[in-house]
Amino acid sequence: MSDRIRDAQAALSDWLRADGLPGFETHAAVVDAALRLHDEPVEVALCYWLDLNRRLINVDEVARGAETEATVSVRNVVRRAILADAHYCIVTHNHPSGCPEPSEADKSLATKIDAALAVVGVFVLGHHVVSRGGFGCIRSGKIVRAEDVTADTAAPSGRCPTCKQDWPQQEKENPV
């Protein structure tokens, strides 16, 4: 892992865990997952557990598989949600192939996880695929390809290109 990616991941991790960070949203999990999983040679599934105020509690690796699949135990996901005392969850996984499009198996698993977590009162905010080729939202079917995101187009309006939510804004220093 390059030093720049490691530094970016550390900075994002610190920001995500900051006290009082309201409204943790799916785009933060997608960026974090992309940094964590960018060079994984196998599929890895992560769950981002959030409290009632949508503050990050923890990130769990819930499955590690082969190049083309990872077997996720829905029972294990529910167990970990309960242990984390989570109210919300964001599920992400990578596609080492580079294809950001969710498979039919991805869509089926997302439905099963949604239903199982709902039984224990955990609401799933999103299911996402990250890859070298971009990222995709399993629920909406929206795909953002890496070649479509450039310095000029990544967030011209300050919004995530997938979910259209506002990016967190950094305060600009006023030069004296």
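In the block above lies the structure referred to throughout.
Our subject in this report is the structure included herewith. (Residues numbered from 1 in each chain as written. Predicted model: local features only at pLDDT ≥ 70, side-chain atom pairs only at ≥ 80, totals over all residues. Heavy atoms only, no water.)

Now for the side chain of E43. In this fold, E43 is placed in the loop between α2 (26-37) and β1 (44-50). Sequence-distant contacts of E43, defined by excluding residues within four places in its chain, comprise A63, R64, G65, A66, E67, T68, E69, A70, H93, N94, H95 and P96. (Helix = DSSP H or I, 4+ residues; strand = E, 2+ residues; numbered from the N terminus. Contact = heavy atoms within 4.5 Å.)

What follows concerns the pattern of salt bridges. Evaluation of the coordinates by the stated rule reveals six salt bridges. Here E61 and R64 are joined by a salt bridge, their closest N and O atoms 3.0 Å apart. According to the relative accessible area criterion, E61 is partly exposed, its value standing at 35%. The partner of E101 in a salt bridge is R145, with the nearest N and O atoms 2.4 Å apart. Of this pair, E101 sits in the loop between β3 (88-94) and α4 (104-119) while R145 sits in strand β6 (residues 143-145), placing them 44 residues apart in sequence. The class for E101 is partly exposed, based on a relative accessible area of 38%. Judged by relative accessible area, which is 27%, R145 ranks as partly exposed. The network of salt bridges with common partners includes E40, E61 and R64. (Salt bridge = Lys/Arg side-chain N within 4 Å of Asp/Glu carboxyl O. Buried < 20%, exposed > 50% of the residue type's maximum accessible area, 1.4 Å probe, protein only.)

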